[in-house]
Amino acid sequence: MSTRIPLAWLQLTESKGRLAVAVAGIAFTVVFSLVQLAFQDALYTSVTLLYSHLNADLVLISPRYQCVVSTDNFPQRRLYQAFGVEGVDSASALYMGVMQWKNPLNRHDRQIFVVGMKPVPGVFDFAGESDYLPLIRQPGKVLFDQGSRPEFGPIVELLRKDGTVTTELAHRQVEVAGLVRVGANFAADGSIVTSDTNFFQLLPYRGPGMTNVGLIRLKPGVNAATARDKIAAALPPDVTVLTRQGLLDREKAFFASSLPVGLFFRTSVLMGLIVGAVIVYQILYSDVSEHLSEYATVKAIGYPDRYLFWVVLQEALILSVLGFPPGVLFSWGVYEIARSATLLPIRMTLIQVAAVYLLTVTMCALAGALAMRKLQQADPVDVF
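## Some details on the overall build of the protein
For step 1, the next point in the chain: In terms of helices and strands, the protein carries 12 helices and 11 strands.
For step 2, the next point in the chain: For 384 residues, the compact-globule estimate of 2.2 N^0.38 gives 21 Å, and the protein exceeds it by more than 25% at 29 Å.
For step 3, the next point in the chain: For the protein, the spread of C-alpha atoms along the three principal axes comes to 95 × 50 × 40 Å.
For step 4, the next point in the chain: By the burial criterion, 49% of the 384 residues in the protein qualify as buried.
For step 5, the next point in the chain: Within the protein, residue pairs in contact and separated by at least 24 positions form 78% of the contacts whose partners lie at least 6 positions apart.
For step 6, the next point in the chain: Split by element, the accessible area of the protein, about 18,300 Å² in all, is 60% carbon and sulfur.

Structure representation (structure tokens):
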């Protein structure tokens, strides 16, 4: 029993060098697209790392709030007013700022993101709350984000070795007494968490009267959306009320639409697909040109144009299947290198892989459709 080999496969494998170039071009496009999507996902994930640890149903921010490192502030009395609304169980404040951190080993200064909070249970869901809250209640003691970049110094290693690390923050001596895990992001390379009292000692010009982010916890059974509307109606327009998820969505939207970095990632993916489409088109166009007489012969013996078009389209789809797996595998290696170098939450998701494969198939199909125009020149008369 004979096995029928598709004509499209025979056409592609006739020139092994051309096939290798096409597969390499598609693999490059896949790697480029996956890496860009991974960095975009890391951007959106990383900028919400801090807020994802909030134990809050609703949040209050200033209408001039832009992102986590550009929050502006609002009067703290709005928190007390919100606390008076029916259904509210508790209200607390977060104070944020960027300060100078001194690497305890090389004494180099570097900016670090600092969060001040009232040292009471339930503000964040960091592990070991019962251990670190008593520490930051003490003057001059802070918690270091163990997901920070190494430029801040080997704080984790020093802390585990010596039990404490003394350095300078905002040109004042502080003691790192414990660790939390937030993670580096595109907006901040590292973070410090401390009490509100310590925060104001580090930044004397800041006072508790102005808050960066207000946290509202609701009583059990209270609907967050309904409570948000009630609080918004009860407060002046100098504060914006959001659900916790609403704050996360707003943060992602800011980096996606208000900063050029989001546009850069999307444009890069598009450019990569265009480059891949051009490569595939050139390969298929050359293949059709070299076999134009054969295609004319096929037409002469009665095969319709749609059969020839299907052959070219099959070649495009075969190229997408051959080029995609090596592109995915190579992307894994790039991910590991980038994750180690940046400490960003770079990951490959099934949605990313599926999206890139669909884009790859579409890219190859469009390239094949353009190459099909050459088939119109396959005139059976040329055979004779």
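## So, empty space enclosed by the protein
Leftover empty space is mapped by rolling, across the atoms, a probe with the size of a water molecule.
For step 1, the next point in the chain: For the coordinates displayed, the defined rule picks out 2 cavities of 30 Å³ or more.
For step 2, the next point in the chain: Approximately 60 Å³ is the volume attributed to the largest cavity.
For step 3, the next point in the chain: What lines the largest cavity is Ser46, Val47, Leu50, Val68, Phe113, Val182, Asn185, Ala188 and Ser191.
For step 4, the next point in the chain: Broken down by class, the residue content of the lining of the largest cavity amounts to 6 nonpolar, 3 polar and no charged.
For step 5, the next point in the chain: Its volume calculated, the second largest cavity comes out at about 30 Å³.

## Observations concerning the environment of valine 356
For step 1, the next point in the chain: Mapped onto the secondary structure, valine 356 falls in helix H12 (residues 350–371).
For step 2, the next point in the chain: Judged by relative accessible area, valine 356 falls into the buried class, the value being 1%.
For step 3, the next point in the chain: Between the C-alpha atom of valine 356 and that of leucine 37, which follows or precedes it by 319 residues, the distance is 8.9 Å.
For step 4, the next point in the chain: In this structure, valine 356 is in contact with Val30, Ser33, Leu34, Leu37 and Phe324, ignoring residues within four places of it in sequence.

## Re the layout of surface pockets
For step 1, the next point in the chain: Within this model, the largest pocket holds a volume of roughly 160 Å³.
For step 2, the next point in the chain: Mapped onto the lining of the largest pocket, the elements with two or more residues apiece are helix H3 (77–83) and strand S3 (88–102).
For step 3, the next point in the chain: At 4 residues, the largest contribution of residues to the lining of the largest pocket is made by S3.
For step 4, the next point in the chain: Class assignment of the residues belonging to the lining of the largest pocket gives a composition of 6 nonpolar, 2 polar and 2 charged.

## As for a nonpolar patch on the surface
For step 1, the next point in the chain: Judged by side-chain polarity, Leu270, Met271, Ile274 and Val278 come together as a nonpolar surface patch covering roughly 350 Å² of accessible area.
For step 2, the next point in the chain: With respect to the helices, strands and loops of the structure, methionine 271 is situated in helix H9 (residues 260–290).

## Some words on the packing of aromatic side chains
For step 1, the next point in the chain: With the rule as written, the count across this model stands at 9 aromatic pairs.
For step 2, the next point in the chain: Both rings, one in phenylalanine 124 and one in phenylalanine 126, keep their centres 4.8 Å apart while their planes meet at 20°; by these two values the pair is stacked.
For step 3, the next point in the chain: Judged by relative accessible area, which is 1%, phenylalanine 124 ranks as buried.
For step 4, the next point in the chain: For phenylalanine 126, a relative accessible area of 6% puts it in the buried group.

## What to know about unusual backbone geometry
For step 1, the next point in the chain: Positioned with a positive phi, aspartate 72 is a non-glycine residue whose angle comes to about 60°.
For step 2, the next point in the chain: Secondary-structure assignment places aspartate 72 in the loop between strand S1 (58–61) and strand S2 (74–75).
For step 3, the next point in the chain: Positioned with a positive phi, histidine 171 is a non-glycine residue whose angle comes to about 65°.
For step 4, the next point in the chain: Summarising the element assignment, histidine 171 is placed in the loop between strand S6 (165–169) and strand S7 (172–180).

## Focus on the packing of helix H2 (residues 16–46) against H12
For step 1, the next point in the chain: Where H2 meets H12, the axes come as close as 10 Å, and the angle between the chain directions of the two elements is 140°. With respect to each other, H2 and H12 are oriented oblique. Between H2 and H12 lies a crossing whose hand is right-handed. For the pair formed by H2 and H12, the contact residues are Ile26, Thr29, Val30, Ser33, Leu34, Leu37, Ala38 and Asp41 on the first element and Gln352, Val353, Val356, Thr360, Met363 and Cys364 on the second.
For step 2, the next point in the chain: Each residue belonging to the contact of H2 with H12 can be placed in one class, and the counts come to 9 nonpolar, 4 polar and 1 charged.

## Some words on the pattern of salt bridges
For step 1, the next point in the chain: For the structure on display, the rule yields 10 salt bridges.
For step 2, the next point in the chain: Here glutamate 168 ties to arginine 107 by a salt bridge, and the two come within 3.8 Å at their closest N and O atoms. Remark: arginine 107 occurs in the loop between S3 and strand S4 (109–117) and glutamate 168 occurs in strand S6; sequence separation between them is 61 residues.
For step 3, the next point in the chain: Among the residues examined, arginine 107 registers a relative accessible area of 40% and is labelled partly exposed.
For step 4, the next point in the chain: Residue aspartate 229 pairs with arginine 228 through a salt bridge whose shortest N-O separation is 3.3 Å.

## Let's talk about the pairing of strand S8 (residues 191–195)
For step 1, the next point in the chain: Among the 5 residues in S8, 5 count as buried, and that is most of the element.
For step 2, the next point in the chain: Here S4 pairs with S8 via 5 bridges, running parallel. Of the residues in S8, the one forming a bridge with valine 114 is isoleucine 192.
For step 3, the next point in the chain: Taken together, the 2 bridges between strand S5 (residues 141–145) and S8 define a ladder with antiparallel strand orientation. Residue pairing for S8: phenylalanine 144 is matched across the bridge by isoleucine 192.

How each quantity is defined
- Residues numbered from 1 in each chain as written.
- Predicted model: local features only at pLDDT ≥ 70, side-chain atom pairs only at ≥ 80, totals over all residues.
- Heavy atoms only, no water.
- Helix = DSSP H or I, 4+ residues; strand = E, 2+ residues; numbered from the N terminus.
- Rg over C-alpha atoms; globule rule 2.2 N^0.38 Å.
- Buried < 20%, exposed > 50% of the residue type's maximum accessible area, 1.4 Å probe, protein only.
- Contact = heavy atoms within 4.5 Å.
- Areas by Shrake-Rupley, 256 points an atom, 1.4 Å probe, with all protein chains shown as cover.
- 1 Å grid on protein atoms, 1.4 Å probe; cavity = no way out; pocket = protein on both sides within 12 Å on 5 of 7 lines; lining within 4 Å.
- Points joined across faces, edges and corners; volume = space filled by probe spheres on them.
- Nonpolar A, V, L, I, M, F, W, Y, C, P; charged D, E, K, R; others polar.
- Patch = residues over 30% accessible without salt bridge, like charges linked within 9 Å, V, L, I, M, F, W, Y side chains within 5 Å.
- Salt bridge = Lys/Arg side-chain N within 4 Å of Asp/Glu carboxyl O.
- Phe/Tyr/Trp six-rings, centres within 6.5 Å; stacked < 30°, edge-to-face > 60°.
- Axes fitted to C-alpha atoms, helices over the stretch in contact; angles between N-to-C directions.
- Parallel < 35°, antiparallel > 145°, perpendicular 65-115°, else oblique.
- Left-handed = near helix turned anticlockwise from the far one by under 90°.
- Pairing = 2+ DSSP bridges.

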